[in-house]
4 protein chains.
Amino acid sequence: MSGNTFGRLFRLTTFGESHGPGLGGVVDGCPAGIALDERMIQRELDRRKPGQGFGTTSRRESDQVRLMSGVFEGTTTGTAIGFFIANEDHRSRDYGPLQHLFRPGHADITYQAKYGIRDYRGGGRSSGRETVCRVVGGAVAQEVLAMAGIFVSASTVELGGIGLEAVAGSGIPRDRDAVSVDADAPDALQNRPFFAAHPDLVEIWEDRIKTVRSQGDTLGGIVEVQAQGVPAGLGEPVLDKLDARLAYALMGVGAVKGVEIGAGFAAARMLGSTNNDPILPAGFASNNSGGVLGGISSGQPLVIRVAVKPIPSIARSQVTVDQDGHEQELRIGGRHDICAIPRIVPVLKAMVCLTLTDMLLLHRAAAQWQS
Amino acid sequence: MSGNTFGRLFRLTTFGESHGPGLGGVVDGCPAGIALDERMIQRELDRRKPGQGFGTTSRRESDQVRLMSGVFEGTTTGTAIGFFIANEDHRSRDYGPLQHLFRPGHADITYQAKYGIRDYRGGGRSSGRETVCRVVGGAVAQEVLAMAGIFVSASTVELGGIGLEAVAGSGIPRDRDAVSVDADAPDALQNRPFFAAHPDLVEIWEDRIKTVRSQGDTLGGIVEVQAQGVPAGLGEPVLDKLDARLAYALMGVGAVKGVEIGAGFAAARMLGSTNNDPILPAGFASNNSGGVLGGISSGQPLVIRVAVKPIPSIARSQVTVDQDGHEQELRIGGRHDICAIPRIVPVLKAMVCLTLTDMLLLHRAAAQWQS
Amino acid sequence: MSGNTFGRLFRLTTFGESHGPGLGGVVDGCPAGIALDERMIQRELDRRKPGQGFGTTSRRESDQVRLMSGVFEGTTTGTAIGFFIANEDHRSRDYGPLQHLFRPGHADITYQAKYGIRDYRGGGRSSGRETVCRVVGGAVAQEVLAMAGIFVSASTVELGGIGLEAVAGSGIPRDRDAVSVDADAPDALQNRPFFAAHPDLVEIWEDRIKTVRSQGDTLGGIVEVQAQGVPAGLGEPVLDKLDARLAYALMGVGAVKGVEIGAGFAAARMLGSTNNDPILPAGFASNNSGGVLGGISSGQPLVIRVAVKPIPSIARSQVTVDQDGHEQELRIGGRHDICAIPRIVPVLKAMVCLTLTDMLLLHRAAAQWQS
Amino acid sequence: MSGNTFGRLFRLTTFGESHGPGLGGVVDGCPAGIALDERMIQRELDRRKPGQGFGTTSRRESDQVRLMSGVFEGTTTGTAIGFFIANEDHRSRDYGPLQHLFRPGHADITYQAKYGIRDYRGGGRSSGRETVCRVVGGAVAQEVLAMAGIFVSASTVELGGIGLEAVAGSGIPRDRDAVSVDADAPDALQNRPFFAAHPDLVEIWEDRIKTVRSQGDTLGGIVEVQAQGVPAGLGEPVLDKLDARLAYALMGVGAVKGVEIGAGFAAARMLGSTNNDPILPAGFASNNSGGVLGGISSGQPLVIRVAVKPIPSIARSQVTVDQDGHEQELRIGGRHDICAIPRIVPVLKAMVCLTLTDMLLLHRAAAQWQS
């Protein structure tokens, strides 16, 4: 239980370091009879690949996933789905100068404190590279969800402090976007740089990134994940609520510092009469709840937003300490992202897919006697 | 796994409805040899009792906890700690008019969808009353944490949109409070109305509540939980991070709509060079991380903030539907809170205590070989 | 996770000591919509009560169970089912002479080693009295199983070394009984002393117990549990097989020293051609497998047998040590059983009910896509 | 939770089919700082390899394990240990005649019932080949146990109905072997054919196997696993006892039909005065308990025995049905074992190693406050 498994019935277990032979894992609990092949998974992986977006790392990895088990003649068999992704571009460069330094904002210092030993090559297990395995698991989950009519999408709603309010005529006022459903066709969204929630944001954000890059600095942003078609009834109250599990899933991605559902932090400033979503014969009149009431899905779209901190590896010189506690100057070389966005977007989507599939199976386990 | 157990090694399992015989549960995994008696637990329970704060329900419950097992001659024995709290003031009033209506913002409609049946009396299992059991579990956890030198406190930093910036000369600028450590003596804080982060806020908030009450409306707020003395090394990366578990714990409390750690959502708008906490020989120079790096505690104080939505039971008339989907007017009577604060504050503290104790045990299970 | 919870989806959590206020627990994961009341549970509890069988303790406990939650108007609501059973006859006698001695065959010495403290009154948590909670959980499970057409029964097939071969004309040769299905009507079995597998065994066993009692000694026996109506498909291979879960459930009852399924240990001496159960168009021709193949139920009856050791509390004087390691003479007074049978029989049945309900829910969680 | 993970804190998750690309898994929860390399694991794997013993399959697999993560410069880092073993000799023969038949004694029929689909090539996931992954996990666990001074060994005490009583002058009377500690030096045992508990048994068993092979039939046997150096205190009563977990571990290996601890089934026929292990100042005077009292280790050696059924794949013609329920004649070709022994012996040892490591971590998590 040292933290490499996610989920209860639909479970993802992962392994792998940034500079070892590769990364992989096991998807367990996938129902039998789901059509699945490597191309479906590869498509999702390709969306988080280095070089896909603007301002990302120059590390080259083809990230080719190989399924090892659990699929027979194109269909899941109900047994464990093993998978592996080889590390290709793990340059055997000299880590000498960096290996004893603790990079600010990174997990170097905490891994050392926890384990007394760490694989310092490229962050080892704490590298963002581990998220490839989450995307694989999420891609399998997505196929299960599709059979239940559930569709998850994720978009960037703010980058470097610039959000939807910057887009003239976007029609999405700032204090409403939290609870609105993105009207974009998913395909358009998936192919748009940054997975931007609005096409006019792309150029603005590209300019912002150029400026910040020239300053040797980095940026954060806010990502919104939505799930359409979620039936009412998912979530296990009282101590395993759907929104709690979603928060767990999303806060568990590196660089995420906040999670809110529906109106989120804005709800803390509303009056009850405004925040309550009226229930009409035709359905809910608003979605400040974000699709969850009492920890159980309401049948409305799930709307959840995530704060992503700026990449800690900046090009500027920083002061830090080495393992002996002595002050040192740190200069991080080369090929790092300016912003975790857009690469984190498919990862956040994957975590929601994993969570919803798990909650769907949990709900179905017990839901049959009463219907 | 229908959601009534929290934790992996230090586990709280609860039961009970608002209007049944009572509520109770089992604390499992508590180490042997911890001094514990009912008074220690009662003190925490008394802090969330109805009538303790301003603007709270008029329901009268003494909330007397009785320990049923697991403690022998004042010391835990390592066996399961059973406890029970009787419901006293569960008026057998006529629920006729309410029992078929779905109250907006409540879990009536989702419980009905999930289970096809619900105990409609006072919210049944979805009543906020279930949180008494969390406070009991948290109180036991607090004693374990005390032996490890860990101290958790919680305070209200914003209510009805009015936060620390409203306090002249408070010395806590708005964009810093997220990461500052409250300087109040814990005892002062614990006895202050609203568990307000600053004494001057009390009167301002009382005025705000009076106004809103007169309008038949309700309020939300923001609570900050801090943990001092947390050693570096707690948290199980990659898929069971400390911040993920804290988000799970806190988002799992009814009325919570958002969770952020350290700089939180503000971090999404910072530059990397600003957000990074420099590491100096004397320790970290700031705490934008909120005490967690890579999912593992850094040794700094944990700082986590929670958005609490306004109470959905407002005095105003509302439109809703009944179980048959017909439109109905809803008028909720009597004795309800204006704001979940201050009663939710001890609950949020309890959830952090439960989480940290669990993570402490998890860490210790494996941490012995390397030291 | 200190061992007071059983199950994954259908979960029983228990607490309570022999001489505290009482015992109780929580049944979590029970589907909504199951008819349930205290009388159904009481009927099962009455079957393991002191004084029910021959050769049992003289401790008088009415063992009245009280449901605290999870049932509304006679039907389960899907929420946690809390229950409590008060200890009535926990004589506040002087434990002085016994409290520092380790009774041979009991858990006194191991609890002391594990926890450094123990509730020495009547065995505390290690008392056989804890099994009342298992029977409550099993009784709830039984109602779920009934809705799925599954029926579990348990009978004693051997006591004090005397088994079915002692019964002239019983028609059940010794080496076949492992796999035969008991032909007794369940009601007859449930009301027969010892829950004896054959009526003629009762008198023989009564004589045996009388003799052994007069010698101040105690006896063991063998219990067979069968489950009819189990559909093919239950069990989660490879590392959570149905037979593994059954062995876990049954070996986890105090006094059990062995578990075998189908032909069991006899299978180790058979040839493959004899042990294999031929598959015919009409079904399996024999049941040496005991109803499980590859860890998954085959659709045949489950047949599992359990070895129960003699009660360690004998009337004879024994030599032992005290907590300081000094040799002491031990004389255990009064009111103890001669044999764990028949009181353990309902407990073993309950454990199988709990296991099957859990495996049924686990299977159903994933089984819907392929059908 | 479809059964591909074993353990709570020290966890093994596996995947892989008999005729896919290979098998592998993840060992999670291994403490940091343990010396580990592929040779240590390979040594254990080589002990279960085809061709190692007499009467085993002719399938040739080098079973070379490759570690993918979790080890850095020869030491565990506390992160997930991924591993992979390629299938080499998975002949792409024509499965046409066999693919629709249900082999008696195999899991073909139950996998089909459970999943509605199965990888019929060589048993797919239900192949005994999956046990390579258990051996890998057990080998890692063994290194952890070694640091705690715990040593696990396994030997065959009976094969084809011929046990230790057949060995003249063996000095180990039949009814005592259950509780005696094997005096063989572990190294001698590990290198002896069949891992025979006594050297004189080897020739007798070889003769027996020759005869049975010539008849086209197969054999079972009994394996005893012992653990020396287990400290008192391991095991989580009441519902997660050490003996329950051991029974779960061992009954969860394919072909195992019974598990007994200490005196086991013989205890059911003993008097209490005989079965009780007297406690003397110098320690226990006997070990009928098998090293567990009340579900907690007593400090004595663990002694547990396992019944292994004969291999179901016999050379003789059998009658069975196909997937459509029509009667068919079955002739299983070629290269199958006569007896699961000796290849199952390292697997059973591995399962005990996995279980003890898990229980050791569980115990240590809570055991620190009281010491």
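Small disclaimer: the values here were computed from a predicted structure and weren't measured.

S.K.: Just to check I follow, could you spell out the overall build of chain A for this structure?
M.R.: Looking only at helices and strands, chain A has eight helices and 18 strands in total. Counting all 371 residues of chain A, 68% fall into the buried class. If you take every contact in chain A between residues at least 6 apart in sequence, the share linking residues at least 24 apart comes to 74%. Surface accessibility of chain A: about 11100 Å² in total, with carbon and sulfur atoms responsible for 50%.

S.K.: Hey, could you run me through the pattern of salt bridges in this one?
M.R.: Residue and element names in this part refer to chain D. In this structure the tally under the stated criterion is 80 salt bridges over all chains. Here R48 makes a salt bridge to D63, at a shortest N to O gap of 3.5 Å. Note that R48 is positioned in the loop between α1 (38-47) and β4 (65-67) and D63 in the loop between α1 and β4, a separation of 15 residues in sequence. You'll find R48 and D63 in the same group, each marked buried. A salt bridge links D217 to R316, with the nearest nitrogen and oxygen atoms 3.8 Å apart. Taken together, the residues span a long stretch of sequence, with D217 in the loop between α5 (201-214) and β10 (221-228) and R316 in the loop between β16 (302-308) and β17 (318-321) at a distance of 99 residues.

S.K.: Just checking my understanding: could you explain the interface of chain A and chain B for this structure?
M.R.: By convention, interface size is frequently given as the accessible area that disappears when the constituent parts associate. Contacts between chain A and chain B engage 105 residues on the former and 105 residues on the latter. Of the roughly 7800 Å² buried between chain A and chain B on both sides combined, carbon and sulfur atoms contribute 62%. Ranking the residues of chain A by area buried against chain B places K114, L239 and K257 of chain A at the top, with a combined share of 11%. Here chain A is connected to chain B by four salt bridges. Linking E236 of chain B and K114 of chain A is a salt bridge whose minimum nitrogen-to-oxygen distance equals 3.0 Å. Linking chain A with chain B are 39 residue pairs in polar contact (both at pLDDT 80 or more). Of the residues belonging to the side of chain A that touches chain B, the class tally is 49 nonpolar, 33 polar and 23 charged. Pairing of strand β11 (residues 256-261) of chain A with strand β11 (residues 256-261) of chain B, which is carried by three bridges, proceeds in the antiparallel orientation. Note on β11 of chain B: the bridge partner recorded for G258 of chain A is E260 of chain B.

S.K.: I would appreciate a short explanation of unusual backbone geometry in the present structure.
M.R.: Negative phi characterises most residues that are not glycine, and trans characterises most peptide bonds. Residue and element names in this part refer to chain C. The omega angle of the peptide bond from P237 to V238 is 10°, so this bond is cis rather than trans. Note that V238 resides in the loop between β10 (221-228) and α6 (242-251). Note the cis peptide between I341 and P342, where omega equals 10°. Structurally, P342 can be placed in the loop between β18 (327-330) and α8 (344-366).

S.K.: Could you clarify how one ought to interpret helix α2 (residues 108-115) of chain D in this entry?
M.R.: Within an α-helix, residues lying three or four positions from one another point in the same direction, as the helix has 3.6 residues per turn. Burial runs high along α2 of chain D: seven of the eight residues are buried. For α2 of chain D, the set of buried residues is D108, I109, T110, Y111, Q112, K114 and Y115 of chain D.

S.K.: Where do I start with the packing of aromatic side chains in this structure?
M.R.: To describe a pair of aromatic rings, you give the distance between the ring centres and the angle between the ring planes. Tallying each qualifying case throughout the model produces 24 aromatic pairs over all chains. Ring geometry for F72 of chain A against Y120 of chain D: centres 5.2 Å apart, planes inclined by 90°, an arrangement best described as edge-to-face. Taken as a pair, F72 of chain A in strand β5 (residues 71-72) and Y120 of chain D in the loop between α2 and α3 (131-147) lie in two separate chains rather than in one. The exposure class of F72 of chain A is buried, given its relative accessible area of 8%.

S.K.: Can you walk me through helix α6 (residues 242-251) of chain D in this structure?
M.R.: The element α6 of chain D is largely enclosed, with a buried count of 10 among its 10 residues. Among the residues of α6 of chain D, L242, D243, A244, R245, L246, A247, Y248, A249, L250 and M251 of chain D are the ones counted as buried.

S.K.: Explain the relation of the copies chain A and chain D here, please?
M.R.: Two copies of a chain can be linked by a rotation about an axis combined with a shift along that same axis. Rotating chain A by 180° and translating it 0.0 Å along the rotation axis places it on chain D, where the RMSD comes to 0.0 Å. Seen this way, the second copy is the image of the first under a two-fold rotation axis. Take the interface residues of chain A: 100% of them recur as interface residues in chain D, which is what a same-surface contact looks like.

S.K.: Mind showing me how you'd approach the environment of N191 of chain B here?
M.R.: Looking at where N191 of chain B falls in the secondary structure, it is placed in helix α4 (residues 186-191). Sequence separation of N191 of chain B and R47 of chain B is 144 residues, and the distance between their C-alpha atoms is 8.8 Å.

S.K.: How should the pairing of strand β17 (residues 318-321) of chain A be read in this particular structure?
M.R.: Strand residues, when the strand is regular, have side chains that alternate between the two faces of the sheet. All names here are of chain A. Two strands pair when backbone bridges link them, and β17 and strand β18 (residues 327-330) are joined in this way by four bridges, in the antiparallel orientation. By the bridge assignment for β18, T320 is matched with Q328. Once β17 ends, the chain turns through five residues before running back antiparallel as β18, passing G325 with a positive phi of about 85°.

S.K.: Looking at this structure, I do not really get the sheet that holds strand β11 (residues 256-261) of chain C. What am I missing?
M.R.: The pairing of strands in a sheet comes from backbone hydrogen bonds and takes either a parallel or an antiparallel form. Pairing is antiparallel in the open sheet, where 10 strands are placed in the order β9(C)-β8(C)-β10(C)-β16(C)-β11(C)-β11(D)-β16(D)-β10(D)-β8(D)-β9(D). Only two strands of the sheet have a single partner each, and these edge strands are β9 (162-163) of chain C together with β9 (162-163) of chain D. Sheet topology places strand β8 (residues 151-159) of chain C next to β9 of chain C; two bridges connect them, and they run antiparallel. Note that in β9 of chain C the partner of E158 of chain C across the bridge is G163 of chain C. Sheet strands touched by α6 of chain D: β11 of chain C together with β11 (256-261) and β16 of chain D. Its angle to β11 of chain D, the strand with the most contacts, is close to 155°.

S.K.: Explanation requested: the environment of P193 of chain D in the structure shown.
M.R.: Mapped onto the elements of the fold, P193 of chain D is located in the loop between α4 (186-191) and α5. As for P193 of chain D and H363 of chain D, which are separated by 170 residues in sequence, their C-alpha atoms are 36 Å apart.

Thresholds, definitions, all that
- Residue numbers here run from 1 along each chain, matching the order of that chain's written sequence.
- As a convention, the first chain written is A and the first ligand written is 1, with the rest following in written order.
- The model is predicted, so local features are restricted to residues of pLDDT at least 70 and side-chain atom pairs to those at 80 or more, both for listing and for counting; the totals for chains, interfaces and linings are taken over all residues.
- To get the side-chain values, all heavy atoms of the structure are used, and hydrogens and water are removed first.
- For the purposes of this entry, the term helix denotes a DSSP run of H or I that reaches at least four residues, the term strand denotes a run of E that reaches at least two, and both are numbered from the N terminus.
- Relative accessibility thresholds used throughout: buried, under 20% of the residue-type maximum; exposed, over 50%; partly exposed, between the two (1.4 Å probe, protein chains only).
- Contacts are assigned to residue pairs that have any heavy atoms within 4.5 Å of one another.
- The method behind every accessible area is Shrake-Rupley, applied with a 1.4 Å probe, and residues are considered shielded solely by the protein chains displayed.
- Any carboxyl oxygen of Asp or Glu within 4 Å of a side-chain nitrogen of Lys or Arg constitutes a salt bridge here.
- Two parts placed together each lose some accessible area under a 1.4 Å probe, and adding up what both lose gives the buried area.
- Polar contact is the term for a pair of N or O atoms within 3.5 Å; when the atoms are in protein, one must be able to donate a hydrogen and the other to accept it, and sequence-neighboring residues count only if both atoms are side-chain atoms.
- Any residue that is not Ala, Val, Leu, Ile, Met, Phe, Trp, Tyr, Cys, Pro, Asp, Glu, Lys or Arg is counted as polar, Gly included; the first ten are nonpolar and the last four charged.
- What makes two strands pair is DSSP finding at least two bridges between them.
- Only rings of Phe, Tyr and Trp enter the pairing, Trp through its six-membered ring, and a pair is recorded when the two centres are within 6.5 Å. The plane angle decides the type: under 30 degrees is stacked, over 60 is edge-to-face, the rest tilted.
- Each copy is superposed on the other by least squares, with the fit set by C-alpha atoms of residues at a pLDDT of at least 70 in both.
- Only the stretch in contact is used when a helix axis is fitted, and all axes are lines through C-alpha atoms; the angle between N-to-C directions ranges over 0 to 180 degrees.

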